[in-house]
Structures are given as structure tokens and as C-alpha cells.
Amino acid sequence: MHQSVQGFLSHCGWNSVLESICAGVRILAWPLAADQPVNARMVVEEIKVGLRVETCDGKVRGGFVKWEALMKMERELMEGEKGREIRKNVKELAELAKMAMEENRGSSWRALDMPINELCNKK
């Protein structure tokens, strides 16, 4: 991801969440369906790397959003106090993700390498 990307308006599909975290990019969560509301809750409430878009009717899934509410949350994410804390959190998680993917040493690398080695070494 390009370094100029500082925030991502996301539906919070799992791949989008992982990509944002690994890139150290804050998330503005606007979940629509399926696993997205659960992922958005994790992003906002548990690991605190994003903010949720405020819908007009307070719905967690989808919901109509006015441009003023979207702009308010974007400004908070980019310039506000919560946004600064979120930036710190996502940078820390990005560093942990980078360590997990480190070639030959990271936990994710090793976890994927083990079954491949087992399959390749079976005769």
C-alpha cells in the first residue's frame, strides 16, 4: 500500500481488515452484511484500530449514512484524539504482523512451512 494512504473506508471484510492492519492503515468501518459487522466490532471495540461510520438510523449493518456524518468520522480518524490513538495501535499491530511473516523466523511463516515440509518429506 502506498505510504500516502492513511485511512481506509472499509466494509470490514476479513481480507480488507487484514490488509489494512498489515499496512498500518486506520480503518473507518462501514459494515454491510455477513461477517462484516462482527469484524467491524473487533476493529473498533477490541483491537481499536478504527472507528465506525455513524448511520442515520443507528443500524449496525448497512444503514443510510449522510455525508456530514461520514465527514465527521473521517476527520476524527485523521485528525482527532481518537485517531491519534488508533494510529498508534495500528502501527503496533502492523509491526507484530511483520514479525509474524518474517521469512524462516516468523510464527505465520513457520506455521505454513510445517505442513508443506511434512508433505514434501513424505515418501
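As the structure is a prediction and not an experimental result, all values here were calculated from the model.

Trainee: Mind showing me how you'd approach the overall build of the chain here?
Mentor: For the chain, the count of helices and strands is 5 helices and 3 strands. Walking the chain from its N terminus toward its C terminus, one meets helices and strands in the order β-α-β-α-β-α-α-α. Principal-axis analysis of the C-alpha atoms gives the chain an extent of 60 × 30 × 25 Å. Buried residues in the chain amount to 32% of all 123 residues. Restricting the contact set of the chain to residue pairs at least 6 apart, pairs at least 24 apart contribute 43%. For the chain, the computed accessible surface area is about 8,300 Å², with 57% contributed by carbon and sulfur atoms. Positive and negative charge centroids in the chain, built from 19 and 18 side chains respectively, lie 1 Å apart.

Trainee: I'm lost on unusual backbone geometry in this one. Help?
Mentor: Glycine aside, residues mostly have negative phi, and peptide bonds are mostly found in the trans state. Despite not being glycine, Cys12 has its phi angle at roughly 70 degrees, a positive value. Of note, Cys12 is situated in the loop between strand E1 (7-10) and helix H1 (14-23). For Lys48, which is not glycine, the phi dihedral falls at a positive 55 degrees. On the basis of relative accessibility, which here comes to 43%, the residue Lys48 falls in the partly exposed class.

Trainee: Even after reading the chapter, I still don't get helix H3 (residues 67-79), so can you show me in this structure?
Mentor: Side chains that are three or four residues apart share a direction in an α-helix, a result of its 3.6 residues per turn. In a regular helix each residue adds 1.5 Å, so 13 residues correspond to 18 Å; H3 covers 18 Å between its end C-alpha atoms and thus fits that length. Those residues of H3 not exposed but buried are Ala69, Met73 and Leu77. Here the buried residues of H3 occupy an arc of 70 degrees about the axis, which is enough to place them on one side. For H3, exposure combined with an orientation more than 90 degrees from the buried face picks out Trp67 and Glu79. As for H3, its buried residues are in contact with strand E2 (26-29), strand E3 (50-52) and helix H4 (81-100).

Trainee: Quick question: what am I supposed to make of the pattern of salt bridges here?
Mentor: Pairing is possible between side chains of opposite charge, provided their charged atoms come close. This structure, assessed with the given rule, holds 6 salt bridges. The salt bridge involving Glu54 is made with Lys72; its shortest N-O contact spans 3.5 Å. Here Glu54, found in the loop between E3 and H3, pairs with Lys72, found in helix H3; they are 18 residues apart in sequence, far enough to count as distant. Assessed through its relative accessible area of 36%, Glu54 is described here as partly exposed. The shortest N-O distance in the salt bridge between Glu102 and Arg105 comes to 3.0 Å. Overlapping salt bridges, with partners in common, bring together Glu85, Lys88 and Glu92 in one network.

The rules behind each value
- Numbering of residues begins from 1 in every chain and follows the order in which that chain's sequence is written.
- Only residues with pLDDT of at least 70 are given local features in this predicted model, and only at 80 or more are side-chain atom pairs given and counted; all residues enter the totals for whole chains, interfaces and linings.
- For side-chain calculations, the full set of non-hydrogen atoms in the structure is used, while hydrogens and water are omitted.
- Helix numbering and strand numbering both begin at the N terminus, where a helix is a DSSP run of H or I of at least 4 residues and a strand a DSSP run of E of at least 2.
- Throughout this description, buried means an accessible area under 20% of the type-specific maximum (1.4 Å probe, protein chains only), exposed means over 50%, and partly exposed covers the range between.
- Note on contacts: a residue pair qualifies if any of its non-hydrogen atoms lie within 4.5 Å across the two residues.
- All accessible-area figures derive from a Shrake-Rupley calculation using a 1.4 Å probe, and residue coverage is judged against the displayed protein chains alone.
- Under the counting rule used here, the positive set is Lys and Arg, the negative set is Asp and Glu, and His together with the chain ends is not counted.
- To locate a charge, the coordinates of NZ of Lys, CZ of Arg, CG of Asp or CD of Glu are taken.
- Given the number of residues in a helix, its expected span is that number minus one, multiplied by 1.5 Å.
- Taking the helix axis as origin, the arc is that swept by the directions to the C-beta atoms.
- Whenever Lys or Arg places a side-chain nitrogen within 4 Å of a carboxyl oxygen from Asp or Glu, that contact is recorded as a salt bridge.

Function cannot be read off these values alone, since they describe shape.
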